[in-house]
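Given next are the chains, with one letter for each unit.
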Amino acid sequence: MRIVTGDDIRSVCSWPFAVEALRAGHLLAPATLKDSLLEDAGRKMLVRSAWIAGLASGVKAVTIYPDNPSQVPPRPSVQGQVLLFDEAHGHVVAMLEGVDLTAWKTAGDSALGSSCLSRLDVRTMLMLGAGSMARPLIDAHRTVRPTLDRVLVWNRNEGRAAALVRALETDGIAAEVVSDLDRAVARAELICSATMSTEPLIRGDMLKPGTHVDLVGAYTPAMREADDAVLTRGRLFVDSRATTIGHIGEVIIPMASGVIGEADIEGDMHDLVQARAGRRSSDEITVFKNGGGAHLDVMIAHAVYLALEGR
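Rules of the game
- Residues numbered from 1 in each chain as written.
- Predicted model: local features only at pLDDT ≥ 70, side-chain atom pairs only at ≥ 80, totals over all residues.
- Heavy atoms only, no water.
- Helix = DSSP H or I, 4+ residues; strand = E, 2+ residues; numbered from the N terminus.
- Buried < 20%, exposed > 50% of the residue type's maximum accessible area, 1.4 Å probe, protein only.
- Pairing = 2+ DSSP bridges.
- Axes fitted to C-alpha atoms, helices over the stretch in contact; angles between N-to-C directions.
- Core = buried A, V, L, I, M, F, W, Y, C linked by side-chain atoms within 4.5 Å.
- Contact = heavy atoms within 4.5 Å.

A word on unusual backbone geometry. At the junction of Val72 and Pro73, the peptide bond is cis and its omega measures out at 0° in the coordinates. Looking at the element boundaries, Pro73 is found in the loop between β4 (56-64) and β5 (78-86). Of note, Ala41 is a non-glycine position whose phi angle comes to about 50°, a positive value. Take Ala41: it is sitting in the loop between β2 (32-40) and β3 (43-52). Residue Ala41 is classed as exposed on the basis of its relative accessible area of 78%. With a phi angle near 60°, Ala275 is a residue other than glycine that sits in the positive phi range. Along the chain, Ala275 falls in the loop between α10 (269-273) and β14 (286-289). For Ala275, a relative accessible area of 65% gives the class exposed.

Taking strand neighbours across the sheet as the criterion, the eight strands line up as β9-β8-β7-β10-β11-β14-β12-β13 in an open arrangement whose pairing is parallel. Pairing within the sheet leaves two strands with one partner each, and these edge strands are β9 (175-177) and β13 (265-267). This sheet shows a mean twist of 25° between the axes of neighbouring strands, independent of strand direction. Summarising the sheet, strand β7 (residues 124-128) and strand β8 (residues 150-154) pair through five bridges and their orientation is parallel.

With that settled, consider the nonpolar core. The biggest cluster of nonpolar side chains holds 63 residues, and the ones touching the most others in it are Leu84, Leu96 and Val304. Considering each element in turn, this core owes the most residues, ten residues, to helix α11 (residues 294-309). Each residue touching Leu84, except ones within four places of it in the same chain, is listed here: Ala56, Ser57, His91, Val92, Val93, Ala94, Leu96, Val298, Ala301, His302 and Tyr305. Of all hydrophobic cores here, the second largest spans 27 residues; its members include Leu181, Val185, Leu236 and Ile285.

Below you can see the structure in the form of structure tokens.
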């Protein structure tokens, strides 16, 4: 069994590498998935398993401690490991650092969705949230849409938003902190949200035609980042029906109230990658729910393992 550290992952990963690993994985048959979530006073432990026939199987076990980033010194809010199994014979081939893999998987998932759904000429991106996933998401989106030349950053704590903007500007990326969220939504052509909000932040009435909305943060049944109008004005896609329908508030809540039904989800990542669904015009609004899932971790982990073994 190979122990794969965060440094090992970073030595072979890039955003094109991650996006292409996910794209290739979605050319295969859908994975078999199983999830388990334990909670205690706002803290969570999530165990996700996936079996992708012809590729690999794996288990991801992580803890989610929302208060960790505010500690001194700060700690990651998500911590854990991924076990990668040989699909043919069932033995463990690698244990991979889960925090680093999660960032590549999560942002790569959103970027792949954007490559299928956002307009080719998007210029302004709005990033809601300035936590640990904000910079990976910005970098991943800019990789698949290099026309993006300005990033707006909104965060409840403007100090963290300002720190992210300074880091972006240091790297030559035009960026600014925004405080009026509605106005920022109306300016953006690509909106990415990675928060832990339980109340909708993005108002669909403010979206301009042609906008692509990437919803990342709402991962429990009680969480939600977009209001009903976002879902009804836009064409709705998910990365996986198995990890979104019945699992996350972004889908559960509007389904329970009758705002949308399962038929309103026009496609998943398999449909998008295999060109069975996608953007149809330059002025339509598209919405992509990034629900995650161990199958995505397995796809990235398998690609990383092969790259390290091939050195």
